[in-house]
Amino acid sequence: MSSAIYPGSFDPVTNGHLDIIERTAAIFDKVTVAILINSSKTPTFTVEERIDMLKKATAHIPNVEIEFFDGLLVDFVRSKNANVIIKGLRAVSDFEYEFQMAMLNKSVAPDIETLFMMTGNKYSYLSSSIVKELGRLGAPVDEFVPQAIMDNVTEKLRKDRKEK
């Protein structure tokens, strides 16, 4: 059985992320969407909220599971008996950093491959940061996040806007 890991912060999951998840799920038997716990970042959404949103957004994809991890990505990949990491790229600017990380992972774990997948053109500008900024400024975000999580995202960002 072929298995891939798609890691990220997903704070929140966007339609660009969902595009990569759906296309990866069409290629692999099993896809684990892995939320990275990054102690150097302060996320807007809790891990539990991000898990919930990802489960709602991917409910229509039977071969996707949602998990979280901290520590080395390659250790998590091995713990899931996978050997492929999927990294989504929006633009050339993403490639330099992701290439560096892929080479680092390859030096630590030569048995694990990193595959790059370009997001669809209509999502090439989209990031979680942009969604959060728009939402905090009161702009609609419905074309940027999956419909299944629209209420979660708008409610949280509305609260953030009121608190600031």
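In this text, all values refer to a predicted model and were calculated from it rather than measured experimentally.

(A) Geometry of the pattern of salt bridges. Following the criterion strictly, the structure yields 11 salt bridges and no others. Among the ionic pairs, K80 bridges to E67, the shortest N-O distance being 2.6 Å. One end of the pair, K80, is in the loop between α3 (73–79) and β4 (84–89); the other, E67, is in strand β3 (residues 64–69), and 13 residues separate them in sequence. For K80, a relative accessible area of 19% corresponds to the buried category.

(B) Representation of the environment of F76. Within the secondary structure, F76 is located in helix α3. The exposure class of F76 is buried, given its relative accessible area of 8%. As a C-alpha pair, F76 and G120 span 44 residues in sequence and 27 Å in three-dimensional space. Beyond its immediate sequence surroundings of up to four residues, F76 is in contact with I5, T32, A34, E67, F68 and F69.

(C) Seen up close, the side chain of R50. The topology assignment puts R50 in helix α2 (residues 47–57). It is D11 that comes nearest to the buried, bridge-free R50 among opposite-charge side chains, at 4.3 Å. Other than its neighbours up to four places away in sequence, R50 contacts S9, F10, D11, I35, L36, P43 and F45.

(D) Inspection of unusual backbone geometry at higher detail. For the peptide bond that leads from D11 to P12, omega is 5 degrees, which places it in the cis range. When you line up the elements, P12 lands in the loop between β1 (3–8) and α1 (15–25). Even without glycine at this site, F10 takes up a positive phi of about 50 degrees. Within the fold, F10 resides in the loop between β1 and α1. By relative accessible area, F10 is classed as buried at 2%. At N81, a residue that is not glycine, the phi angle is positive and equals roughly 55 degrees.

(E) Structural detail: the sheet that holds β3. Spatially, β3-β2-β1-β4-β5 is the arrangement adopted by the five strands of the open sheet, whose pairing is parallel. On the outer flanks of this sheet lie β3 and β5 (113–118), each paired with one strand and no other. The sheet shows a mean angle of 30 degrees between the axes of neighbouring strands, taken without regard to direction. Summarising the sheet, β1 and β4 pair through two bridges and their orientation is parallel. If you follow I5 over to β4, its bridge partner there is I85. Each of β1, β2 (30–36), β3, β4 and β5 touches α1; the most contacted strand, β5, lies at about 120 degrees to it.

Reading the values: the criteria
Residues numbered from 1 in each chain as written. Predicted model: local features only at pLDDT ≥ 70, side-chain atom pairs only at ≥ 80, totals over all residues. Heavy atoms only, no water. Salt bridge = Lys/Arg side-chain N within 4 Å of Asp/Glu carboxyl O. Helix = DSSP H or I, 4+ residues; strand = E, 2+ residues; numbered from the N terminus. Buried < 20%, exposed > 50% of the residue type's maximum accessible area, 1.4 Å probe, protein only. Contact = heavy atoms within 4.5 Å. Lys, Arg positive; Asp, Glu negative; His and termini not counted. Pairing = 2+ DSSP bridges. Axes fitted to C-alpha atoms, helices over the stretch in contact; angles between N-to-C directions.

Nothing here speaks to function; it is geometry throughout.
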